[in-house]
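The chain contents come next:
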Amino acid sequence: MHVHEAIKGRQSIREFDSSRDISDDIIENLIGVAGRAPSDSNIQPWKVWVVRGEAKEAISNTCYERHMSGDLGEREYNYYPVNWREPYINRRRATGWGLYGVLGIKREDKAEMQLQHGRNYMFFNAPVGIFFTIDRDMELGSWIDCGMFIQSMMLAARAEGLETCSQAAFCNYYDTVMNLLGAPEDQMLICGMSIGYAVTESVVNTFRTEREPVSTYTTFLTKPNNVRT
């Protein structure tokens, strides 16, 4: 698969084929490929936890029960801005309503929304779940490194016919996840990920987000542009 195709075709898959497993060898190879991601001074700050079987089931069941009980949890870091503003709030809303729209979930149907969101904690039926953590004393630059590592793994997966969905939803219940992983206290949860074979005919997997044209966020300069005094 050409790298451009891997990037442009990547999307968040929300329905995986639970009958098709992935071997540990394939997962380990993907992690090794992603390990070539850029990392300043080659410090490679990422940690990876692969869960399947009873380990995956325990995390799923506990997080799902907390979610369905109305427990909103608490994150250790702000993934989103504290105060939303344009243009970001509209992009977020368009994504949310677009997803619910293809599923036929109306705005007033809060129960169905809760159920759909709860499917995050079941890894969307994927056979394998992955969690990424980082040492607490690492700074923002190392988080950037981890982001490039995670993206590299998602693209490498596509070359194997696999798809993924990165999931910040698990951060709501980081205490549950980290405890069931047996992760040390000096580790911090970045996000989770579902990985597997997509159910291509699933309605939910037809949803794709729109992206802004390059001209809206790119500036080409040939001369200094002194805007600060």
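Note: the structure precedes this text.
Everything in this summary refers to the structure shown in the same document. (Residues numbered from 1 in each chain as written. Predicted model: local features only at pLDDT ≥ 70, side-chain atom pairs only at ≥ 80, totals over all residues. Heavy atoms only, no water.)

### As for a negative patch on the surface
Here comes step 1: A grouping of Asp 137, Glu 139, Glu 185 and Asp 186 is seen on the molecular surface, where their side chains present a negatively charged patch.
Here comes step 2: Along the chain, the position of Glu 139 falls in the loop between strand E2 (128-135) and helix H6 (140-159).
Here comes step 3: Given a relative accessible area of 60%, Glu 139 falls into the exposed group. (Patch = residues over 30% accessible without salt bridge, like charges linked within 9 Å, V, L, I, M, F, W, Y side chains within 5 Å. Areas by Shrake-Rupley, 256 points an atom, 1.4 Å probe, with all protein chains shown as cover. Salt bridge = Lys/Arg side-chain N within 4 Å of Asp/Glu carboxyl O. Lys, Arg positive; Asp, Glu negative; His and termini not counted. Charge placed at Lys NZ, Arg CZ, Asp CG, Glu CD. Helix = DSSP H or I, 4+ residues; strand = E, 2+ residues; numbered from the N terminus. Buried < 20%, exposed > 50% of the residue type's maximum accessible area, 1.4 Å probe, protein only.)

### Observations concerning the environment of Pro 127
Here comes step 1: Assignment of secondary structure puts Pro 127 in the loop between helix H5 (110-118) and E2.
Here comes step 2: In this structure, the C-alpha to C-alpha distance between Pro 127 and Arg 52, residues 75 residues apart in sequence, is 6.6 Å.

### Overview of helix H7 (residues 174-181)
Here comes step 1: Looking at H7, one finds that the buried residues are Thr 176, Val 177, Met 178 and Leu 181.
Here comes step 2: The first or second residue beyond H7 is Gly 182, which carries a positive phi of 75 degrees.

### Remarks on a nonpolar patch on the surface
Here comes step 1: A cluster of nonpolar side chains, Val 102, Leu 103 and Val 203, forms an exposed patch at the surface whose accessible area comes to about 200 Å².
Here comes step 2: Looking at the element boundaries, Val 203 is found in the segment after strand E4 (187-196).

### Considering the packing of helix H3 (residues 53-68) against H7
Here comes step 1: Between H3 and H7, the least distance of the axes is 10 Å, while the angle of their chain directions is 160 degrees. Here H3 lies roughly antiparallel to H7, going by the angle between them. As for the relative orientation of H3 and H7, their crossing is right-handed in sense. Facing H3, whose interface residues are Ala 58, Ile 59, Thr 62, Cys 63 and Arg 66, H7 presents Asp 175, Thr 176, Val 177, Leu 180 and Leu 181.
Here comes step 2: Within the contact of H3 with H7, the residues separate by chemical class into six nonpolar, two polar and two charged. (Axes fitted to C-alpha atoms, helices over the stretch in contact; angles between N-to-C directions. Parallel < 35°, antiparallel > 145°, perpendicular 65-115°, else oblique. Left-handed = near helix turned anticlockwise from the far one by under 90°. Contact = heavy atoms within 4.5 Å. Nonpolar A, V, L, I, M, F, W, Y, C, P; charged D, E, K, R; others polar.)

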